[in-house]
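Inside the fold
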Amino acid sequence: MLCQPCSIHSQSGSLNMGPEAAVALARPDPGLALLSFSTSVGDKPRPPSLPRPSSTFTFGCGGEAVWGAGNLMVPLKQPMANMPFLLSLLLTVLAVSSTSWCQSSDTASPKASNGAPFPWNNIRLPEHIIPLHYDLMIHANLSTLTFWGTTEVEITASQPSSTIIMHSHQLQISKATLRRGAEDRLSEEPLSVLEYPAHEQVALLAPQPLLAGPLYTVIISYAGNLSESFHGFYKSTYRTQEGEMRILASTQFEPTAARMAFPCFDEPAFKASFSIKIRRDPRHLAISNMPLVKSVNVAKGLKEDHFDVTVKMSTYLVAFIISDFKSVSKMTKSGVKVSVYAVPDKINQADYALDAAVTLLEFYEDYFSIPYPLPKQDLAAIPDFQSGAMENWGLTTYRESSLLYDKEKSSASSKLGITMTVSHELAHQWFGNLVTMEWWNDLWLNEGFAKFMEFVSVSVTHPELKVEEHFFGKCFDAMEIDAFNSSHPVSTPVENPAQIREMFDDVSYEKGACILNMLRDYLSADTFKRGIVQYLQKYSYKNTKNEDLWNSMAHICPTDVTQTMDGFCSRSHHSAPTSHWLQESIDVKTMMNTWTLQKGFPLITITVRGRNVHLKQEHYMKGSESISETGYLWHVPLTFITSRSDTVERFLLKTKTDVLILPEAVEWIKFNVGMNGYYIVHYEDNGWDSLSGLLKTAHTTISSNDRASLINNAFQLVSIGKLSIEKALDLTLYLKNETEIMPVFQGLNELIPMYKLMEKRDMSEVETQFKAFLLRLLKDLIDKQTWTDEGSVSERMLRSQLLLLACVRKYQPCVQRAEGYFREWKASNGNMSLHIDVTMAVFAVGAQNTEGWDFLYSKYQSSLSSTEKSQIEFALCTSQDPEKLQWLLDQSFKGEIIKTQEFPHILILIGRNPVGYPLAWKFLRENWNKLVQKFELGSPTIAHMVMGTTDQFSTRARLEEVKEHVKGFFMSLKENGSQLRCVQQTIETIEENIRWMAKNFEKIRLWLQKQKLEI
């Protein structure tokens, strides 16, 4: 799944912060109450999996010992010799663990909804019942917004059992029966049904135990309402150009919502095949994972579509849509039919994505050396969609803005985004679908790889997009949250659905991609590719854990390397005498465990003493200027260039300190070449002065990625007191001569938040001076921008952002030109064709008066272009009229005239507005319950909204307000939010803002006075 790109728009511009795990908990033996716990304390590296209990003795949540007898929980009467030790261990774990693995004090004896004892108390399903095949029949009524269905699941048992535990959520089960072997339907046995909503489970009780080995079929009849949220089997709507409202039904099951559409074993390791039948009105079209085999008339005005049987796959990848979509299709070279589906009025916007999908699918088949296993690949644009896209096997689904490209109105960034999103979802057809993580703790094996493969694939298939320029920005995004104590390791224990949803964050996606890129740079692209191909081939149609990937990589040696008896790769010294990480065995698993099993990232401190380069690593963490010693060590693949050589030198730092000896003294040294490593660098003594001087006198000596990473690292070091704010600001002065997109964007990403903090406090004098400084710094580059759509994608994206910044910051030459364009566009009733790259700036200026704002809103309602709607949305949210901003919040939340899927974006935009931020924060607090119901607790959307409305607060009063809200409101809801990671991140962010402003504000004020005459 691609998390919706969180475009953090500020009053100064729209800076894209990025588009759109764990140790598996030991499962109990069937019928037992088990306390699962981690064998490590804090966030030290932990073993990839915990051992399964070796006996049936274990502890319930209340601390009592229990013995599993079939599906019963019986107190263990006989004392055991090691009881004192086990009790001591249990108490120790409970004392040191920050997470309560027990959901509540009474989970040892859960009660079903009818009050009867529920025979299973773990949130994970037992493993002794194994699904093999599902026959699904679903009939949705788009008039009553209900559906009913039957699920027939073929299962086997690995041990005798009278109970079948399955997932079911918000479904009304009317009947459940069991068929043994190939017996006919007349001999079906009734099954008693118990429901346990807290765990979204049902227990089916058989009158006679199921035996180990034979095939059984469970048949369940049920009904449900189409979901009003964006998950499960849900309702979506759109208006035709004539104004007619039409309804469709679509699915979004990842991570835990297949159980909202049919009773199932809804965990990724329970892979099975699926035969799907959909009943529908003849005027509708049904599509699913597999091609249509036949359609039959089952009643007057009712058709039943039969789809081919799927390959073996996880439940979260099942998909079906009932709609009146139209489609366009093409064939790949290998004969796969690729189709794009959209509402009829927008099908003319499907061609770009269709061509991209064909090209990318062909690329992946070649790259992975594994044919795409299905006969077709559909891409469907859904009018209501929470995230960016979803990788359902054979039927990928997308937000319309992530798939549809209007040649007349879509922006350059839209083309880039669509290409990357399609690439991401198609990469999932191998990483995620063909090979799936065993449990959600290792979600990054799906998402980190798909994010990484976006860049690998698109750099080859669409070189004109220059995606490599944008990759390292993803690493900076990940580091923003990974620098806080509230971060988590890439692989982290998760158990309940909210915890699982929280894994869909920048750590799983962006950090996952960044550490894979670092590994590829370390091993070489060819070796890395051979490793992942072996991984995919070995584990096709199976589930994997973290170590399975590293084991696959470890058995691939680079071409200049031999494999030793212990399985490690060993290189000859003669192959690359200056490349220090080639001097010893390559232990991929040990190295990568340091990056996946502990949170955060290293700060590498460089001290040059003549030819000696002293290296030191420590855990970078915000929140204190004295870096707390966590004891973490990473295996860091360092790269560097010097003033004497642009040849990339390499060194694997595995200890806390080390020393490099250069062949000669140098004027400067730059580590982390091209930002291929997931770490930041501090240069002690005059190291930063040398690099700052290099940027001022000859900035093109190093790459644009290296220049951008220097900007980023400098301000990261200000946060922990390693570098003064004055030196960091001095370094940015070279931007006066910069022309490349990524250093300019990185400069804006560092400088804009400074005045955004000031906007929310009574600091107007310095705020105004800072905005003026920023305009003076970039004035020459702004003046060079043409008001056209010429140039590369990067040049066009840079133009769009710079002109928007200039106009919103009231740079008069920009404002006057934009006002002229807006007048002409308005006079033409919106029919005049504006240059796409300048449209955002023109709309933002036009929205500043009531007449212009109202006209823009009228055009928003009728526009069929996702880009144009997004541009208008942004402009409307820049209004300085609180009533209009409140109206936008109210209407987008209601979803009648502005779609609710747009609400999170609008909330964040208004949260960035100096007039609107109090409204956004108030709206979030007052509507929290409804927001959770609509967007799901723990989802990336909830996280973006919480952070987006609060992360620019920097006063004690605001911090106390947030804490009080968390304490008084979230905590009163028990599971509704107080332990959400985004809440902890928010508190840490505000605390950091307070500390940062207290230390640096006065210094900034004095620095600005000094610069006023110099720049």
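Rules and cut-offs
Residues numbered from 1 in each chain as written. Predicted model: local features only at pLDDT ≥ 70, side-chain atom pairs only at ≥ 80, totals over all residues. Heavy atoms only, no water. Helix = DSSP H or I, 4+ residues; strand = E, 2+ residues; numbered from the N terminus. Buried < 20%, exposed > 50% of the residue type's maximum accessible area, 1.4 Å probe, protein only. Areas by Shrake-Rupley, 256 points an atom, 1.4 Å probe, with all protein chains shown as cover. Contact = heavy atoms within 4.5 Å. Polar contact = N/O pair within 3.5 Å; in protein donor to acceptor, adjacent residues only side chain to side chain. pLDDT = per-residue confidence, 0-100. Core = buried A, V, L, I, M, F, W, Y, C linked by side-chain atoms within 4.5 Å. Axes fitted to C-alpha atoms, helices over the stretch in contact; angles between N-to-C directions. Parallel < 35°, antiparallel > 145°, perpendicular 65-115°, else oblique. Nonpolar A, V, L, I, M, F, W, Y, C, P; charged D, E, K, R; others polar. Pairing = 2+ DSSP bridges. Left-handed = near helix turned anticlockwise from the far one by under 90°.

A count of helices and strands for the protein gives 27 helices and 36 strands. Residues counted as buried form 63% of the 1015 residues belonging to the protein. As presented, the protein carries roughly 36800 Å² of accessible surface, and 52% of it is formed by carbon and sulfur atoms.

What follows covers the environment of N446. Here N446 is to be found in helix α4 (residues 444-461). Classification of N446 as buried rests on a relative accessible area of 1%. Distance in space between the C-alpha atoms of N446 and N433 is 8.4 Å, their sequence separation being 13 residues. Setting aside chain neighbours within four positions, we find N446 in contact with Y316, H428, F431, G432, V435, T436 and M437. Looking at N446, its side chain comes within polar contact range of the side chain of Y316, at 3.0 Å.

Averaged over the protein, the pLDDT score is 87; the fraction of residues at 70 or greater is 84%. Scored below 50 in pLDDT, residues 562-568 shows 12 contacts in the model against residues more than four places distant or in partner chains. Every residue in residues 570-583 scores below 50 in pLDDT, and together they form 29 contacts with partners more than four places removed in sequence or on other chains.

The subject of this paragraph is the nonpolar core. In terms of nonpolar packing, the biggest core is built from 314 residues, with I164, F233, F262, F265, F671 and Y678 touching the most fellow members. If you tally residues by element for this core, the top one is helix α2 (residues 351-368), at 12 residues. Each residue touching F265, except ones within four places of it in the same chain, is listed here: L125, I129, P131, Y134, V153, I155, I164, I165, M166, H167, F270 and T315.

By the element assignment, N612 lies in strand β31 (residues 612-619). Considered as a pair, N612 and L660 are 48 residues apart in the sequence and their alpha carbons are 5.8 Å apart. Ignoring anything within four residues of it in the chain, the contact list for N612 reads T607, V659, L660 and I661.

The N-to-C vectors of helix α16 (residues 793-808) and helix α17 (residues 812-827) enclose an angle of 100°; their axes lie 7 Å apart at closest approach. Between α16 and α17, the angle falls in the class roughly perpendicular. Residue-level inspection shows L803, A806 and C807 of α16 in contact with α17, the latter providing C814, V815 and A818. Counted by class, the contact of α16 with α17 contains 6 nonpolar, no polar and no charged residues.

Further remarks concern the pairing of strand β25 (residues 395-399). For β25, the buried fraction is high: 5 of the 5 residues fall into the buried class. Relative to β25, strand β23 (residues 376-382) is paired through 5 bridges, and the arrangement is parallel. Within β25, the position partnered with I382 by the bridge is R399. By the bridge criterion, 2 bridges tie strand β24 (residues 389-390) to β25 in an arrangement that is antiparallel. Of the residues in β25, the one forming a bridge with M390 is T397. Counted between consecutive antiparallel strands, the loop separating β24 from β25 contains 4 residues, among which G394 sits at a positive phi close to 85°.

We now examine the sheet that holds β31. Ordered in space as β34-β31-β30-β36, the 4 strands form an open sheet in which the pairing is mixed. A strand with exactly one partner marks an edge of an open sheet, and here the two such strands are β34 (657-661) and β36 (680-683). Shown here is a sheet whose adjacent strand axes are inclined to one another by a mean of 25°, direction ignored. Two strands pair when backbone bridges link them, and strand β30 (residues 602-609) and β36 are joined in this way by 4 bridges, in the parallel orientation. Paired with I604 across the strands is V681, a residue of β36.

Moving on, we get to the pairing of β30. With 6 of 8 residues buried, β30 lies mostly within the body of the structure. As judged from the 8 bridges shared by β30 and β31, these two strands associate in the antiparallel manner. Pairing of I606 across the sheet is with L615, part of β31. Hairpin connection between β30 and β31: a loop of 2 residues separates the two successive antiparallel strands, and G610 in this loop has a positive phi of roughly 65°.

The geometry of helix α14 (residues 741-759) relative to helix α15 (residues 764-784) is characterised by a closest axis approach of 9 Å and an angle of 160° between their N-to-C directions. Between α14 and α15, the crossing angle belongs to the class labelled roughly antiparallel. With respect to the hand of their crossing, α14 and α15 are arranged in left-handed fashion. The segment α14 lies against α15, with V744, L748, L751, I752, M754, Y755, M758 and E759 engaging V766, E767, F770, K771, F773, L774, L777, L778 and L781. Among the residues making up the contact of α14 with α15, the classes are represented as 14 nonpolar, no polar and 3 charged.

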